[in-house]
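Reading the structure
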Amino acid sequence: TYKLRVLISLSKRATDNADLNIPGQFANIVNNPAQYPIMTSNSDNMVYKYTTLTLYPPNRSGYSPYNNCENINKLFISLTAANNDPRTFTLFCPAPGQISGGKSVGDFTAYVGLDNNLTQSGFSSFSADGKNSSLNFLRYMSSSSGANAEPYILVGYPEMCFNIAEAANRGWISGVSGASWYLSGINASMGVYGLTQGKVLTVGNNDGTNTNLGTVAVDINSFLANPNVAYAGDNATGLTQILTQKYVAFFMNSGFESFYNWRRTGVPTFNQGGVGIGTPSFAIPLRWEYPQGEINYNGTNYTAALTAQGFSSDDVNAKMWLIK
């Protein structure tokens, strides 16, 4: 399963030469499960489990003000709440201002994201006036041991399903249904959060002081029927759908994989150009700079490494071989 991740990450180099044979290697794994066993369900997920010793990392119980800074990106809301995705109710709290204004917790428009182009001060003021949604306090913030949160996925079945769906969409595997694996990936992601059709969820507010703003019934079927979600086929639109749902499934897990996939594919399309991005060009970086220690103490090889990669400078926005 991990090798499938590595191979799909090389999609831009898939036809470079016969020695790599990236599509062939991928198909050989999928077509020979006895020789190359891969994950078959969420029970196979490679996870890190939180305990009273290995505390849940984002924040600690009792520090509710910090949760007000855990705002949700506007783009992520456009991929979830805007498509009536039931994961919305599990991942986020509704914007306080929307609820006080009369909207119910089951109204997807009550979940409002924040533009990543804004400065940190812009984030803070929006948090204070209740205009935006934040991380689900009850799930992610109420227990320092992560008692209410899902285990952290390192390599998971949902991602694998989307990787196979992407390979099928790209024509790497004959006789494999991209639609089937795409649907399996979405359902597996729902399963990570324990979501099933008709399940009733309790929705809380953004600081845990009121643990029950209301309840909502999960409707996975309507979400899957949404025109933006229903698989469009093994074409460019279908590929974007696969990559989009894989991005959603990476929420709060799998390290930098969501970034790596965006960097490789450009999906989803992040808003860029604002001062909040923090780079001189106001663009999201594509690579890490070498650490200052390398520059100070290993200058000759530092320069040689940049030259070998075709870089004239240590530019965070330069494209490396992997994504050219």
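Here, the structure is the one placed above.
Residues numbered from 1 in each chain as written. Predicted model: local features only at pLDDT ≥ 70, side-chain atom pairs only at ≥ 80, totals over all residues. Heavy atoms only, no water.

Quick look at the environment of Asn-116
For clarity, the threshold we go by: We count a stretch as a helix when DSSP gives it H or I for four or more residues in a row; a strand needs E for two or more, and each element gets its number in order from the N terminus. Residue burial is assigned from relative accessible area. The probe radius is 1.4 Å, only protein chains are included, and a residue is buried under 20% of its type maximum, exposed over 50%, and partly exposed in between. Whenever two N or O atoms come within 3.5 Å, that pair is a polar contact, provided that in protein one can donate a hydrogen and the other can accept it, and provided that, for residues adjacent in sequence, both atoms are side-chain atoms.
Within the element layout of this structure, Asn-116 appears in the loop between helix 6 (96–100) and helix 7 (120–128). Residue classification places Asn-116 among the buried residues on the basis of a relative accessible area of 17%. Here the alpha-carbon distance between Asn-116 and Thr-240, two residues 124 residues apart in the chain, equals 21 Å. Within polar-contact distance, the side chain of Asn-116 engages the side chain of Asn-73 at 3.3 Å.

Remarks on helix 10 (residues 178–192)
An α-helical turn contains 3.6 residues, so any two residues separated by three or four positions project in the same direction. Selection criterion: One less than the number of residues in a helix, times 1.5 Å, gives the span that helix is expected to have. Only heavy atoms matter for contacts: two residues are in contact if any of them lie within 4.5 Å across the pair.
An ideal rise of 1.5 Å per residue puts 21 Å on 15 residues; helix 10 measures up with 21 Å between its terminal C-alpha atoms. The set of residues buried in helix 10 consists of Gly-178, Tyr-182, Gly-185, Ile-186, Ala-188, Ser-189, Met-190 and Val-192. Contacts from the buried residues of helix 10 go to helix 5 (87–91), helix 8 (137–140), strand 4 (152–155), helix 9 (157–169), helix 11 (220–225) and helix 12 (236–249). Near the N-terminus of helix 10, the side chain that reaches the backbone nitrogen of Ala-179, with its oxygen 3.4 Å away, is that of Ser-177.

Looking at the packing of aromatic side chains
Test applied: Two rings belonging to Phe, Tyr or Trp (six-membered ring only in the last case) form a pair when the distance between their centres is within 6.5 Å. Interplanar angles under 30 degrees mark stacking, angles over 60 mark edge-to-face geometry, and anything in between is tilted.
Applying the stated criterion to the full structure yields 22 aromatic pairs. Measuring from ring centre to ring centre gives 6.2 Å for Tyr-56 and Tyr-140, while their planes differ by 25°; the resulting arrangement is stacked. Taken as a pair, Tyr-56 in the loop between strand 1 (46–48) and helix 3 (64–67) and Tyr-140 in helix 8 lie far apart in primary sequence, 84 residues in all. Accessibility assignment for this pair places Tyr-56 and Tyr-140 in one class, buried.

A short note on the environment of Ile-99
Structurally, the position occupied by Ile-99 is in helix 6. Assessed through its relative accessible area of 23%, Ile-99 is described here as partly exposed. In contact with Ile-99, not counting residues within four places along its chain, are Pro-94, Ser-104, Val-105 and Ala-110.

A few points about the environment of Val-47
Turning to its location among the elements, Val-47 is positioned in strand 1. Classification of Val-47 as partly exposed rests on a relative accessible area of 30%. Look past the residues within four positions of Val-47 in its chain and what remains in contact with it is Pro-151, Tyr-152, Ile-153 and Leu-154.

What to know about unusual backbone geometry
With an omega dihedral of 0°, the bond running from Val-267 to Pro-268 counts as a cis peptide bond. Position of Pro-268 relative to the elements: it lies in the loop between helix 13 (257–265) and helix 14 (292–297). Although it is not a glycine, Asn-21 sits at a positive phi angle of roughly 45°. The backbone phi angle of Phe-282 is positive, close to 60°, even though this residue is not glycine. Its location among the elements puts Phe-282 in the loop between helix 13 and helix 14.

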